Amino acid sequence: MKVLVPVKRVLDYNVKPRVKADGTGVDLANVKMSMNPFDEIAIEEAVRLKEKGAATEIVVVTIGVAKAETDVLLTARAMGADRGILIQTDDEIEPLAVAKLLAKVAEEEQPGLIILGKQAIDDDSNQTGQMLAALLGWAQGTFASKVEIAGDRVHVTREIDGGLETVDLKLPAIVTTDLRLNEPRYATLPNIMKAKTKPVAKKTVADYGVDVTPRLKTLKVVEPAKRQAGIKVGSVDELVEKLKGMGVA
Amino acid sequence: MKTLVWVEHDNQSVKDATLSTVTAAAKLGEVHLLVAGKGVSAVAEAAAQIAGVGKVHVADDAAYEHFLAENVAPLVVQLMDSHDAVLFPATTTGKNVAPRVAAALDVMQLSDILSVEGPDTFTRPIYAGNAIATVQTSDKKLVITVRGTAFDKAAATGGSGTVEAVAAAGDKGLSAFVGAEIAASERPELTSAKVIVSGGRALGSQEQFHALIDPLADKLGAAVGASRAAVDAGYAPNDYQVGQTGKIVAPMVYVAVGISGAIQHLAGMKDSKTIVAINKDEDAPIFQVADIGLVGDLFTLVPELTEKL
Ligand SMILES: Cc1cc2nc3c(=O)[nH]c(=O)nc-3n(C[C@H](O)[C@H](O)[C@H](O)COP(=O)(O)OP(=O)(O)OC[C@H]3O[C@@H](n4cnc5c(N)ncnc54)[C@H](O)[C@@H]3O)c2cc1C
Ligand SMILES: Cc1cc2nc3c(=O)[nH]c(=O)nc-3n(C[C@H](O)[C@H](O)[C@H](O)COP(=O)(O)OP(=O)(O)OC[C@H]3O[C@@H](n4cnc5c(N)ncnc54)[C@H](O)[C@@H]3O)c2cc1C
């Protein structure tokens, strides 16, 4: 079974996002960009499926700027993906259009499983996997904390509001990763060197004949209202007083 | 505009997340509801009481019992022939189903809206709430998920909606429910609690987490939350996680115990009315947002606090 893993290049999670003064967005010039953390979990899961013999080949795909090849596709191959696809564009592509492009890739590649992150930590949309499932007419196991292949089915344990839920899905299927699915391995330097010999196919959005015209227009981006730091109390007694004052104790 | 609101329920009662979603929908126009589930006549009756609602569409079928997206999304899509917008609470059910509906309608979803600025314009958080974007859609139909803490709750009673059955769209045969582990708790739900006590990595073990955090929460009638580090370490269950990638909460009082205040954690609780932090490091980032800080060792301060309340 082939596994397809879409990965996104995002602002590194350790970097504090800064809103541009002109209100057009978040400043991404000269800041560290990395693979979306949920996508590292997705690759790790694919690699583990391959190590267990449940998967035969891992293909990673990213839609983004040319630098995504070195920022994310290389890391993905160093972690264990077999080959990459870069769909190059300088435009911001919305989840619906990303899903349409990925659906085309899925038609070409015929994977048995597609593993995505549950959300990208920049736009926090939490949409792409579910949209892709709808477009392909496949089952979806979102927010996965456990994935088990059983013949032509996959069992997915999902993190839901009240606890955990397990669903049984027909393959091919979509899985989106939650934080507790696994702990991704590091891409070691020797593996990064070796990964450079693994192939990357370079494509453009036009190659897929998908209309990626945005449906949403960002009118402005502002910083949220800032909270002011309050006071420090010197003792538990003082804290008890304050809590009583608020009527909660 | 005619809107459809997804009623969040457990086949027995209507969940509070529905009420804030109704408030958001009312800003767009007429509010109709969809109750999909199994054996949901009591839920439908209750939903019809919500202030300001019109029709309550009820789809009662075994295929909807567990809200599997593969079965539920086509039902919603069908109802969108006669509605202009569908709004889901941004719960795990809403987040699972809404994008499947959006893609089927060829619509770009608006996730986790914070406000309605106009019939096609909304604000939503990006970058873990470090930025707020105002976005305008050009789509003809709207598919929206609503952040519960950003809208007041509609009154649960006083309405007089009319209940109307809709034909089920059936089981698509793609997915089946196997089982669930839902922890029964006497405590209030995290997302609707007035007071929350959250524990972090500093608690050190599952035993200590429960020995310190639970009694304090009991004294305050609070729900219990946790940081990702505490959940990853197994001190607390997954669904306790507060933050960018966990639950978004905004209680009257949020007590953070042994939590450093990483941006991903703050994203989930910084809209709380009052934040109380207990941390031994006086430079911990949590103190930059805390209204009341107490510096010291939680292993002595928390038992003392519980004792004195
Ligand atoms: C401030 C700001 C303003 C913006 N304004 C606009 C605008 O005006 N117009 C516009 O078109 N776009 C705009 N965008 C960008 C666009 O909305 C996002 O890039 C897009 O919404 C992707 O959302 P997401 O990554 O949060 O999706 P999610 O659904 O959260 O992503 C989930 C998963 O999908 C996969 N995935 C997502 N994207 C890709 C990708 N590119 N390649 C491979 N896999 C992927 C990954 O596995 C990821 O983990 C803006 C973004 C920002 C931050
Ligand atoms: C993709 C991604 C998503 C994430 N999503 C979330 C999320 O949704 N929610 C979330 O919480 N995190 C999230 N995180 C993790 C986040 O970055 C932090 O790692 C995490 O919040 C830290 O948890 P903590 O504050 O409990 O632990 P730490 O940062 O280790 O802080 C422990 C604190 O306890 C204090 N302390 C230690 N001993 C004592 C003592 N005896 N008495 C008093 N104080 C003491 C220390 O001074 C310190 O400030 C995410 C990270 C990533 C990469």
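Not measured: the values here are computed from a predicted model.

1. With respect to the overall build of chain B
1) Next: Within chain B, the regular secondary structure consists of eight helices and 16 strands.
2) Next: Compactness check: chain B gives a C-alpha radius of gyration of 21 Å against a globular reference of 19 Å for 309 residues, within 12% of the reference.
3) Next: Taking the principal axes of the C-alpha coordinates as reference, chain B spans close to 60 × 40 × 40 Å.
4) Next: Taken across its 309 residues, chain B has 58% of its residues classed as buried.

2. Side note on the pairing of strand β15 (residues 274-279) of chain B
Residues and elements named next belong to chain B.
1) Next: Within β15, six of the six residues are buried, which leaves it mostly tucked inside the rest of the structure.
2) Next: Burial of the side chains of β15 extends over both faces: Thr-274, Val-276 and Ile-278 are buried on one face and Ile-275, Ala-277 and Asn-279 on the other.
3) Next: Pairing of strand β14 (residues 253-257) with β15 involves five bridges; the strand directions are parallel. Counted as the bridge partner of Ala-256 is Ala-277 from β15.
4) Next: Each parallel crossover has a hand, and the one from β14 via helix α7 (residues 263-269) to β15 is right-handed.

3. Observations regarding the packing of aromatic side chains
1) Next: If you walk through the whole model with that rule in mind, you get two aromatic pairs over all chains.
2) Next: When the ring of B:Trp6 is compared with that of B:Phe67, the centres are 6.2 Å apart and the planes differ by 85°; the resulting orientation is edge-to-face. Of this pair, B:Trp6 sits in strand β1 (residues 2-6) while B:Phe67 is found in the loop between β3 (53-60) and α3 (69-79), placing the two residues 61 residues apart along the sequence. Across the pair, B:Phe67 and B:Trp6 agree in class, each one buried.
3) Next: Taken together through their ring pairs, the aromatic side chains of B:Trp6, B:Phe67 and B:Phe88 make up a single cluster.
4) Next: Cation over ring: A:Lys118 sits above A:Phe143, and NZ or CZ is 5.9 Å from the ring centre.
5) Next: The ring centre of B:Phe287 lies 4.7 Å from the NZ or CZ of A:Lys232, which sits over that ring.

4. Concerning the domain arrangement of chain B
Residue and element names in this part refer to chain B.
1) Next: The assigned domain composition of chain B is domain 1 (2-165) and domain 2 (195-308).
2) Next: Inter-centroid distance (C-alpha atoms) of domain 1 to domain 2 is 31 Å.
3) Next: Contact with domain 1, which involves five residues of that partner, is made by seven residues of domain 2.
4) Next: Taking both sides of the interface into account, the surface hidden between domain 1 and domain 2 amounts to around 550 Å²; carbon and sulfur atoms contribute 53%.
5) Next: Connecting domain 1 to domain 2 are zero salt bridges.
6) Next: One can count one residue pair in polar contact (both at pLDDT 80 or more) joining domain 1 with domain 2.

5. Observations concerning the UniProt feature "domain: Electron transfer flavoprotein alpha/beta-subunit N-terminal" (unreviewed entry) in chain A
1) Next: Here the UniProt-annotated "domain: Electron transfer flavoprotein alpha/beta-subunit N-terminal" (unreviewed entry) positions come out as residues 23-212 of chain A.
2) Next: The span residues 23-212 of chain A shows a helical share of 31% and a strand share of 32%, and its end C-alpha atoms are spaced 24 Å apart.

6. Some details on empty space enclosed by the protein
1) Next: For the coordinates displayed, the defined rule picks out three cavities of 30 Å³ or more.
2) Next: When its volume is computed, the largest cavity comes out at roughly 100 Å³.
3) Next: Around the largest cavity sit 14 residues that line it, and A:Tyr13, A:Pro17, A:Ile121, B:Tyr127 and B:Ile263 are the ones nearest its centre.
4) Next: When contributions to the lining of the largest cavity are tallied by element, the ones reaching two or more residues are β2 (9-11) of chain A together with α7 of chain B.
5) Next: A per-class count over the lining of the largest cavity returns nine nonpolar, three polar and two charged.
6) Next: Lining the lining of the largest cavity are residues from two domains, each supplying at least three of them: domain 1 (2-165) and domain 2 (195-308) of chain B.

7. What about the UniProt feature "domain: Electron transfer flavoprotein alpha/beta-subunit N-terminal" (unreviewed entry) in chain B?
1) Next: UniProt records the feature "domain: Electron transfer flavoprotein alpha/beta-subunit N-terminal" (unreviewed entry) at residues 3-181 of chain B, using the numbering of this structure.
2) Next: A distance of 33 Å separates the end C-alpha atoms of residues 3-181 of chain B, which is 24% helix and 35% strand.

8. Looking at helix α6 (residues 236-245) of chain A
1) Next: Where α6(A) is concerned, the buried positions are A:Val236, A:Leu239, A:Val240 and A:Leu243. Buried residues of α6(A), seen end-on, are gathered within an arc of 100° and therefore sit on one face of the element. Facing away from the buried side of α6(A) by over 90 degrees, the exposed positions are A:Glu241 and A:Gly245.
2) Next: Check the buried side of α6(A) and you find it contacts β13 (231-233) of chain A together with β14, β15, β16 (292-295) and α8 (298-308) of chain B.
3) Next: Note on α6(A): the residue one or two positions beyond its end, A:Gly247, has a positive phi of about 80°.

9. What to know about the pairing of β1(B)
All names here are of chain B.
1) Next: The buried count for β1 comes to four of five residues, which makes it a mostly enclosed element.
2) Next: One crossover worth recording links β1 to the parallel strand β2 (residues 30-37) by way of helix α1 (residues 17-26), and it is right-handed.
3) Next: Sheet topology note: the β1/strand β4 (residues 85-89) ladder contains three bridges and is parallel. In the strand pairing of β4, Leu-4 is matched with Val-86.

10. Brief notes about the interface of chain B and chain A
1) Next: Contacts between chain B and chain A engage 85 residues on the former and 80 residues on the latter.
2) Next: In total, about 6800 Å² of surface goes out of reach between chain B and chain A, with carbon and sulfur atoms giving 56% of it.
3) Next: Linking chain B with chain A are six salt bridges.
4) Next: Here B:Asp291 ties to A:Arg227 by a salt bridge, and the two come within 2.7 Å at their closest N and O atoms.
5) Next: If you look at where chain B meets chain A, you find 43 residue pairs in polar contact (both at pLDDT 80 or more).
6) Next: Its residues assigned to classes, the side of chain B that touches chain A comprises 42 nonpolar, 25 polar and 18 charged.

Quick notes on the rules
- Residues numbered from 1 in each chain as written.
- Chains lettered and ligands numbered in written order.
- Predicted model: local features only at pLDDT ≥ 70, side-chain atom pairs only at ≥ 80, totals over all residues.
- Heavy atoms only, no water.
- Helix = DSSP H or I, 4+ residues; strand = E, 2+ residues; numbered from the N terminus.
- Rg over C-alpha atoms; globule rule 2.2 N^0.38 Å.
- Buried < 20%, exposed > 50% of the residue type's maximum accessible area, 1.4 Å probe, protein only.
- Pairing = 2+ DSSP bridges.
- Right-handed = clockwise from strand over helix to strand, strands pointing away.
- Phe/Tyr/Trp six-rings, centres within 6.5 Å; stacked < 30°, edge-to-face > 60°.
- Lys NZ or Arg CZ within 6 Å of the ring centre and 35° of its normal.
- Domains from an automatic or database assignment.
- Contact = heavy atoms within 4.5 Å.
- Buried area = accessible area lost by both parts, 1.4 Å probe.
- Salt bridge = Lys/Arg side-chain N within 4 Å of Asp/Glu carboxyl O.
- Polar contact = N/O pair within 3.5 Å; in protein donor to acceptor, adjacent residues only side chain to side chain.
- UniProt positions renumbered as here; feature names shortened; annotations may be inferred.
- 1 Å grid on protein atoms, 1.4 Å probe; cavity = no way out; pocket = protein on both sides within 12 Å on 5 of 7 lines; lining within 4 Å.
- Points joined across faces, edges and corners; volume = space filled by probe spheres on them.
- Nonpolar A, V, L, I, M, F, W, Y, C, P; charged D, E, K, R; others polar.
- Arc of directions from axis to C-beta.

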